[in-house]
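Chain and residue survey
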Amino acid sequence: MDISTKVKLNNGVEMPWLGLGVFRAEDGQEVENAVVAALKHGYRSIDTAAVYDNEKGVGTGIKNSGIPREDIFLTSKVWNSDQGYKTTLEAFEKSLDRLQTDFLDLYLIHWPKGKLSVETWKAMEELYEKGLIRAIGVSNFLVHHLKEFLPECKVVPAVNQVEFHPELIQPELLEYCKEKGIQPEAWSPIMKGKVLNIPVLQALAAKYQKTPVQIVLRWDIQKGVVTIPKSVKPQRIISNSDIFDFELTDEDMAKIDRLDKNHRIGFHPDHIPF
């Protein structure tokens, strides 16, 4: 296993286990440089969203990297104010334009919005069937959202991107996604840096001669969860990818699992103010 290793999604499309997240990366030079640094050092997956307001910089970074677009797995998301059938089609076109590409590898519903998300999904299924998106999925959907949503779908979501880290493991959600063939993906995997201060992770870092961040990112992958740590610093981006030359034991995986507190850093999907 190395940085180029991919997981096969439920439609046969392959997605890298490790990617670069660009949440809160400033559009322009900052995000462009982060994307170029990541691609230069072997990353082949970039995750953005319309609401991050940096799609243009991501697209420019990809062009400046010299890496062929077809070699990159590019993800974006439709924001809540654009959910609905017609508005999703329009939002998708705007994302393509900003990203300077003619297709997406993965397009996600950013947050669950009940019946509105069903209309959004119909538009996404249409775009998928036309070959404009290689895979479609959801983000921040809990088990009860999926149970309401899946009967309305012709295409089963390929991915569910959710908050996932040592203090929020959501084992029932992981199991349900596995049962339905939906690939889990972690956002906020390093808890905005808070993993650096957790004694269990510090001890494991010393044992494996890694950082607490590298321990957690390796744990993600061994849990079967795609991970997209965010950084705009080249050294950190490189460090985050240095997780393929060791393997956590079952015992050490269990130690991290026991850190679960069902504690969220972001909004609860049932109580979003947007």
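Procedures and definitions
Residues numbered from 1 in each chain as written. Predicted model: local features only at pLDDT ≥ 70, side-chain atom pairs only at ≥ 80, totals over all residues. Heavy atoms only, no water. Helix = DSSP H or I, 4+ residues; strand = E, 2+ residues; numbered from the N terminus. Buried < 20%, exposed > 50% of the residue type's maximum accessible area, 1.4 Å probe, protein only. Contact = heavy atoms within 4.5 Å. Areas by Shrake-Rupley, 256 points an atom, 1.4 Å probe, with all protein chains shown as cover. Lys, Arg positive; Asp, Glu negative; His and termini not counted. Charge placed at Lys NZ, Arg CZ, Asp CG, Glu CD. Expected span 1.5 Å × (residues − 1). Arc of directions from axis to C-beta. 1 Å grid on protein atoms, 1.4 Å probe; cavity = no way out; pocket = protein on both sides within 12 Å on 5 of 7 lines; lining within 4 Å. Points joined across faces, edges and corners; volume = space filled by probe spheres on them. Nonpolar A, V, L, I, M, F, W, Y, C, P; charged D, E, K, R; others polar. Pairing = 2+ DSSP bridges. Patch = residues over 30% accessible without salt bridge, like charges linked within 9 Å, V, L, I, M, F, W, Y side chains within 5 Å. Salt bridge = Lys/Arg side-chain N within 4 Å of Asp/Glu carboxyl O.

Looking at the overall build of the protein
For the protein, the count of helices and strands is ten helices and ten strands. The principal-axis extents of the C-alpha atoms in the protein amount to approximately 55 × 40 × 35 Å. When each of the 274 residues of the protein is scored for burial, the buried share is 57%. Partitioning the intrachain contacts of the protein with sequence separation of at least 6 by distance along the chain shows that 75% fall at a separation of at least 24. In the structure as shown, the protein presents an accessible area of about 12,000 Å², 50% of it carried by carbon and sulfur atoms. Taken together, the 34 basic and 39 acidic charged side chains of the protein have centroids lying 2 Å from each other.

Brief notes about helix α3 (residues 85-99)
The first and last C-alpha atoms of α3 sit 21 Å apart over 15 residues, in line with the 21 Å expected at 1.5 Å per residue. Buried within α3 are the following residues: T88, A91, F92, S95, L96 and L99. Projection of α3 onto a plane perpendicular to its axis shows the buried side chains occupying an angular sector of 140°, all on one side. Facing away from the buried surface of α3 by more than 90 degrees, the exposed residues are K86, K94 and D97. Contacts from the buried residues of α3 go to α2 (55-65), β5 (73-78), β6 (106-109) and α4 (115-129). A positive phi of about 60° marks Q100, the residue just after α3.

Some remarks on the layout of surface pockets
Its volume calculated, the largest pocket comes out at about 850 Å³. Along its surface, the largest pocket is lined by 34 residues, and F23, W187, S188, K192 and K230 are the ones closest to its centre. Elements with a contribution of two residues or more to the lining of the largest pocket: α8 (212-222) and α9 (234-240). Reported here for the second largest pocket is a volume of approximately 210 Å³. Forming the boundary of the second largest pocket are P171, L174, E175, C177, K178, G181, I182, Q183, P184, K223, G224 and V225. In terms of residues, the lining of the second largest pocket owes the most to one element, helix α6 (residues 171-180), which gives five residues. For the lining of the second largest pocket, the class distribution of residues is six nonpolar, three polar and three charged.

Some thoughts on the pairing of β5
In terms of burial, β5 is a largely internal element, six of the six residues being buried. Residues F73, T75 and K77 of β5 are buried on one face, and the alternating residues L74, S76 and V78, pointing to the opposite face, are buried as well. Two strands pair when backbone bridges link them, and strand β4 (residues 45-47) and β5 are joined in this way by three bridges, in the parallel orientation. By the bridge assignment, D47 is partnered in β5 with T75. Alignment of β5 against β6, held across four bridges, turns out to be parallel.

Details of a negative patch on the surface
Side chains of E26, D27, E30 and D53 sit close together on the surface and give a patch of like negative charge. Of note, D27 is situated in the loop between β3 (20-21) and α1 (29-40). Taking the relative accessible area as the measure of exposure, D27 reaches 33% and is therefore partly exposed.

Function cannot be inferred from these measures alone, as they are strictly geometric.
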